[in-house]
Amino acid sequence: MRRRTIPAVFDALLAQHGPQGWWPAEDRFEIMAGAVLVQRTAWRNAAQAIQRLKARGALAAEQLAAVDSTFLETMIKPAGFFRVKAARLKALARFVVASGGVDALSRQATPSLRTTLLSQQGIGPETADAILGYAFERPVFVVDAYARRLFERLGSPDPLPSDFDLKADCEAEISTATNLNELHALIVAHSQRCCAAVPDCARCSLRLRCGYAAAAARCSA
Ligand code: SF4
């Protein structure tokens, strides 16, 4: 997998799937909460939890910071792991309130904000980068299992670059927050529609540049 092929991958995925319109949310704290709720579940389940919180007027940092834990667990049950996620949401809300709000956080430089986010309960690199990219519009790439699998297959049989390289190379080649956010959304869409656990290479716009597809074609010839 060569770094300079990343823009071509982006263009091919965009042509195949179109703009994904991520992240569907009314404000930045909703994106932050969504990034926690979507951990280890499908977006439709996280979205259901968000709608339930919204319907109760509870989807704001101030409210979540003070909300009753049992009530919060009940509200977010559709997102799964509801006890863990309720504790994480509450901790995140308290952190935002203690920091002076989302606007105050938005004045932090990206490296410092990333470090701060990573120090919060239950926020790992994937969640921190999703928050940085979609809530704070910073030019960061979200490295997730889908991205690792896609680039591993494209570069097959060469070994996968380390997470740092995949992240750094995408950020170097794509550069704008808008396009990096789009790339992540496109990879998720592509991984769900084409490059799944059992890939559907015949429908894939990347098949002519994919080492995995080339090897599969040689085997079946
Ligand atoms: S050609 Fe197949 S393995 Fe390669 S990226 Fe497309 S779906 Fe995935």
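Just so it is clear, the structure is predicted and the values come from calculations on it, not from any experiment.

Engineer: Tell me what's going on with the site of the ligand, and back it up with residues and numbers.
Structural biologist: Taken together, L150, R153, C194, C195, P199, C201, C204, R207, C210, Y212 and A213 form the complete shell of residues around the ligand. When contributions to the shell around the ligand are tallied by element, the ones reaching two or more residues are α10 (145-155) and α13 (211-220). The class makeup of the residues in the shell around the ligand is nine nonpolar, no polar and two charged.

Engineer: Go over the pattern of salt bridges, please, and point to the residues and values.
Structural biologist: Counting across every chain of the model gives eight salt bridges. With a closest N to O distance of 3.1 Å, K54 and E26 form a salt bridge. On the criterion of sequence distance, the pair formed by K54 in helix α3 (residues 43-55) and E26 in the loop between α1 (6-17) and α2 (28-37) is long-range, its members being 28 residues apart. What makes E26 exposed here is its relative accessible area of 67%. One network of salt bridges, with partners in common, ties together R114, D129, K167 and E171.

Engineer: How would you explain the domain arrangement of the chain if you had to name every residue and give the values?
Structural biologist: On domain assignment, one finds that the chain holds domain 1 (3-20 + 142-214) and domain 2 (28-135). Taken together, the contact between domain 1 and domain 2 spans seven residues of the former and six residues of the latter. The junction of domain 1 with domain 2 conceals about 560 Å² of combined surface from both sides, 52% of it contributed by carbon and sulfur atoms. In terms of surface lost to domain 2, no three residues of domain 1 exceed V142, K167 and N181, which account for 71% of the buried area on that side. Linking domain 1 with domain 2 are one salt bridge. For K167, the salt bridge identified is with D129, shortest N-O distance 3.1 Å. Between the two partners, domain 1 and domain 2, sit three residue pairs in polar contact (both at pLDDT 80 or more).

Definitions and limits used
Residues numbered from 1 in each chain as written. Predicted model: local features only at pLDDT ≥ 70, side-chain atom pairs only at ≥ 80, totals over all residues. Heavy atoms only, no water. Near = heavy atom within 4 Å. Helix = DSSP H or I, 4+ residues; strand = E, 2+ residues; numbered from the N terminus. Nonpolar A, V, L, I, M, F, W, Y, C, P; charged D, E, K, R; others polar. Salt bridge = Lys/Arg side-chain N within 4 Å of Asp/Glu carboxyl O. Buried < 20%, exposed > 50% of the residue type's maximum accessible area, 1.4 Å probe, protein only. Domains from an automatic or database assignment. Contact = heavy atoms within 4.5 Å. Buried area = accessible area lost by both parts, 1.4 Å probe. Polar contact = N/O pair within 3.5 Å; in protein donor to acceptor, adjacent residues only side chain to side chain.

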